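What follows is each chain in one-letter form.
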Amino acid sequence: MVNTSGGYSAFSLQEALELRASQDVIPYAGGTDLMVGKHRDADYLFLSRVPELRQITEDAGYVRIGAAVTFSEALASPLVPQLMKEAVSGIAAPAIRNAGTFGGNLANGSPKADSVLVEVASDAKLRLVSRSGERTMDVDGFCLGRGRTALRSDELIAEVLMPKQSPDCCFYEKVGGRSALAISRVSFAGIFDTQDGRISNIAAAFGAVADTVLRFRQIEAMLIGRTIEEARALRDSYVAAYAEQLVLTRGRVSAEYRRAVCLNLLNAFLSQCGL
Amino acid sequence: MDRLQEIRFVLNGKEASYTGSAADRLLDVLREQFRCTGVKCGCREGECGACAVLIDGLLRNSCCVAMGAVEGTSIVTIEGYRETARFAVLDRAFAQLSAVQCGFCTPGMILAAEALLSAHPHPTEEEIREGLSGNLCRCTGYNAIVNAVKSAAEEGEGLW
Ligand SMILES: Cc1cc2nc3c(=O)[nH]c(=O)nc-3n(C[C@H](O)[C@H](O)[C@H](O)COP(=O)(O)OP(=O)(O)OC[C@H]3O[C@@H](n4cnc5c(N)ncnc54)[C@H](O)[C@@H]3O)c2cc1C
Ligand code: FES
Ligand code: FES
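Here goes a summary of the coordinates provided.

Rules of the game
Residues numbered from 1 in each chain as written. Chains lettered and ligands numbered in written order. Predicted model: local features only at pLDDT ≥ 70, side-chain atom pairs only at ≥ 80, totals over all residues. Heavy atoms only, no water. Helix = DSSP H or I, 4+ residues; strand = E, 2+ residues; numbered from the N terminus. Polar contact = N/O pair within 3.5 Å; in protein donor to acceptor, adjacent residues only side chain to side chain. Axes fitted to C-alpha atoms, helices over the stretch in contact; angles between N-to-C directions. Parallel < 35°, antiparallel > 145°, perpendicular 65-115°, else oblique. Left-handed = near helix turned anticlockwise from the far one by under 90°. Contact = heavy atoms within 4.5 Å. Nonpolar A, V, L, I, M, F, W, Y, C, P; charged D, E, K, R; others polar. Pairing = 2+ DSSP bridges. Buried < 20%, exposed > 50% of the residue type's maximum accessible area, 1.4 Å probe, protein only. Near = heavy atom within 4 Å. Salt bridge = Lys/Arg side-chain N within 4 Å of Asp/Glu carboxyl O. Buried area = accessible area lost by both parts, 1.4 Å probe.

Another aspect to go through is the side chain of Ser 133 of chain B. Examined against the element boundaries, Ser 133 of chain B turns out to sit in the loop between helix H5 (125–131) and helix H6 (143–155). For Ser 133 of chain B, the side chain forms a polar contact with the main-chain oxygen of Glu 130 of chain B, separated by 2.7 Å.

Next up, the structure:
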């Protein structure tokens, strides 16, 4: 008996997009989110043999990580930024990193997604493709809330575009229950850069504390363009502005605890930047 | 662009095929259709590593793999791995250092050790703990297992 239920395999991006547009399919990359929990009675579109989604390349402005690149593959690539490697090396354990992908981490729509945290902090962009065309959008605009993204039902994530930058300072920390397999309780990524003695970038992103990864550009603006001296004088009011904004959803660990952890991580980041 | 009809793969060195749903779990198929009962089901959530197998040489939790994703791959379970010289070394080390109590976690531990030693033939203790970090053991407290892997790396010098 040949049972034809359960899935399609695509061998090129074009095939995958045809299927995505014409059939009721669920994209399947590493399966580490899809296969957990109840068995789905749906047709999967298997992406792991689509070469266009498996590459890590670079151009003048970006390192481009294919959506079906696994975390282990990224760790082995000289192109992937160090901050991303730090976050990804803390994901679960080898067997999960050998399967889990960047596209899956994004499309799953979790505020705990470790690679997404770094993408938000890095001002990364996504290339979304469909049979009828493609669009590029900020990662920030893609994540809309728990399990909700801007992905259309005929689209696939093709690649993540990480801006090439060599900032003065990068900071990453994940505070979890236990080291292996700990889905983040609170995670933080920071990027700091100066140009001609003035702050040109001070990105701070908080993961696992709200419905999406949080980043407050209006608070960052307080310090952009300032000298280090000026920024030091503003540090307390800067941290106070975060304290006010970090109104957290209740979770497994109390909101107050997580807010305190966020502020500690922010302070550690600022100290590392010399502020 | 094929609707998957028959899923073909290599299991422990032999051609194999599956005609059920591409959405079925590799863990269930290995245990029920292919009688590889050394592949254990501890959690079905990717958390425990009891169901670990090697797919194209990489450690994977078979509970998190749909059959459609194994098309064209080569899978090794403990049933195949036990025929190897490397297994013999790990087997002896696990026995000598009391790294096995109930044995439920052992097939996954052994395959995680194989994946680790293939990448790091001379692992540090930290590398061993990281390599086994996705495999839970309720009995041994882990130290005996870490020691066994360390000992296997020494005894099996040249095999990995
Ligand atoms: C034990 C365990 C521990 C974990 N620990 C962590 C952790 O520490 N940190 C962390 O961030 N995550 C963790 N995860 C979650 C998971 O591993 C990641 O979210 C992973 O990135 C998912 O990728 P995947 O390829 O396996 O996704 P899949 O399960 O294949 O897919 C997930 C979702 O993405 C969609 N999708 C996949 N690829 C595309 C694409 N190219 N275009 C559009 N949609 C797509 C799917 O349709 C599905 O909705 C853990 C999971 C497990 C089981
Ligand atoms: S049964 Fe697969 S990891 Fe636990
Ligand atoms: S020996 Fe019993 S779970 Fe490890």
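Turning our eyes to something else, we now look at the packing of helix H4 (residues 106–119) of chain B against H6 of chain B. Residue and element names in this part refer to chain B. Contact geometry of H4 with H6 gives a least axis separation of 11 Å together with a crossing angle of 45°. If you check the angle between H4 and H6, you find them oblique. Classified by chirality, the crossing of H6 by H4 is right-handed. Residue-level contacts link Met 109, Ala 113, Leu 116 and Leu 117 of H4 to Ile 145, Val 149 and Ala 153 of H6. Here the contact of H4 with H6 is composed, by residue class, of seven nonpolar, no polar and no charged.

All names here are of chain B. One way to put it is that helix H3 (residues 85–96) packs onto H4 with a least axis distance of 11 Å and a crossing angle of 120°. On the basis of the axis angle, H3 is oblique to H4. For H3 against H4, the interelement crossing comes out right-handed. Where H3 approaches H4, its residues Arg 86, Phe 87, Leu 90 and Phe 94 are matched on the opposing element by Thr 106, Met 109, Ile 110, Ala 113, Glu 114, Leu 117 and Ser 118. Split by residue class, the contact of H3 with H4 holds seven nonpolar, two polar and two charged.

Bringing the sheet that holds strand E14 (residues 214–215) of chain A into the picture now. Residues and elements named next belong to chain A. Pairing is antiparallel across the open sheet formed by four strands, whose spatial order is E11-E12-E13-E14. Because the sheet does not close on itself, it has two edges, and the strands there are strand E11 (169–175) and E14. Where strand E12 (residues 186–195) and strand E13 (residues 198–207) come together, nine bridges link them in antiparallel fashion. Considered in E13, the bridge of Gln 195 is made with Arg 198. Contacting E11 and E12, helix H3 (residues 82–89) crosses the sheet at an angle of about 10° to E11. Docked against the sheet, helix H9 (residues 228–245) engages E12 and E13, running at close to 25° with respect to E13.

This part covers the pairing of strand E2 (residues 7–11) of chain B. All names here are of chain B. Taking every second residue as pointing to the same face, the buried face of E2 carries Ile 7, Phe 9 and Leu 11, while none of Arg 8 and Val 10 on the other face is buried. Hairpin geometry of E2 and strand E3 (residues 14–18) is characterised by an intervening segment of two residues between the two adjacent antiparallel strands and by a positive phi of about 50° at Asn 12. The pairing of E2 with strand E6 (residues 74–76) spans two bridges and is parallel. Residue Val 10 lies in a different strand from E6, and its bridge partner there is Ser 74.

On to unusual backbone geometry, then. Even without being a glycine, Ala 208 of chain A presents a positive backbone phi close to 70°. For Ala 208 of chain A, a relative accessible area of 4% gives the class buried. Phi at Asn 12 of chain B takes a positive value of approximately 50°, unusual for a residue other than glycine. Position of Asn 12 of chain B among the secondary structure elements: in the loop between E2 and E3.

What follows deals with the environment of Phe 34 of chain B. Residue and element names in this part refer to chain B. Positionally, Phe 34 belongs in the loop between helix H1 (26–32) and strand E4 (52–55). Considered as a pair, Phe 34 and Leu 11 are 23 residues apart in the sequence and their alpha carbons are 9.1 Å apart. For Phe 34, the residues in contact, after removing those within four places along its chain, are Phe 9, Leu 11, Ala 16, Ser 17 and Val 29.

For the rest of this paragraph, the subject is the site of ligand 1. All names here are of chain A. Taken together, 35 residues surround ligand 1, and among them Pro 27, Gly 30, Thr 32, Asp 33 and Thr 101 come closest. Thr 101 places a polar side-chain atom, nitrogen or oxygen, 2.6 Å from an oxygen atom of ligand 1. Mapped by element, the contributors of at least two residues to the shell around ligand 1 are strand E2 (25–28), helix H5 (102–107) and strand E10 (156–163). If you tally residues by element for the shell around ligand 1, the top one is H5, at four residues. A per-class count over the shell around ligand 1 returns 20 nonpolar, nine polar and six charged.

We now examine the pattern of salt bridges. Proximity of charged atoms lets side chains of opposite charge pair with each other. Residue and element names in this part refer to chain A. As enumerated under the stated definition, the model contains 25 salt bridges over all chains in all. Between Glu 58 and Lys 164 there is a salt bridge whose closest N-O contact spans 2.9 Å. Here the residue Glu 58 occupies a position in strand E4 (residues 56–58), and Lys 164 occupies one in the loop between E10 and E11, the gap between them amounting to 106 residues. By relative accessible area, Glu 58 is classed as partly exposed at 45%. By relative accessible area, which is 37% here, Lys 164 ends up partly exposed.

Moving on, we come to the interface of chain A and chain B. Think of interface size as the accessible area that goes away when the parts come together; that is how it is often given. Contacts between chain A and chain B engage 36 residues on the former and 32 residues on the latter. Buried surface at the junction of chain A and chain B, both sides included, amounts to about 2900 Å², of which 53% is carbon and sulfur. The interface formed by chain A and chain B holds one salt bridge in total. We note a salt bridge from Arg 97 of chain A to Glu 130 of chain B, for which the minimum N-O separation is 2.4 Å.

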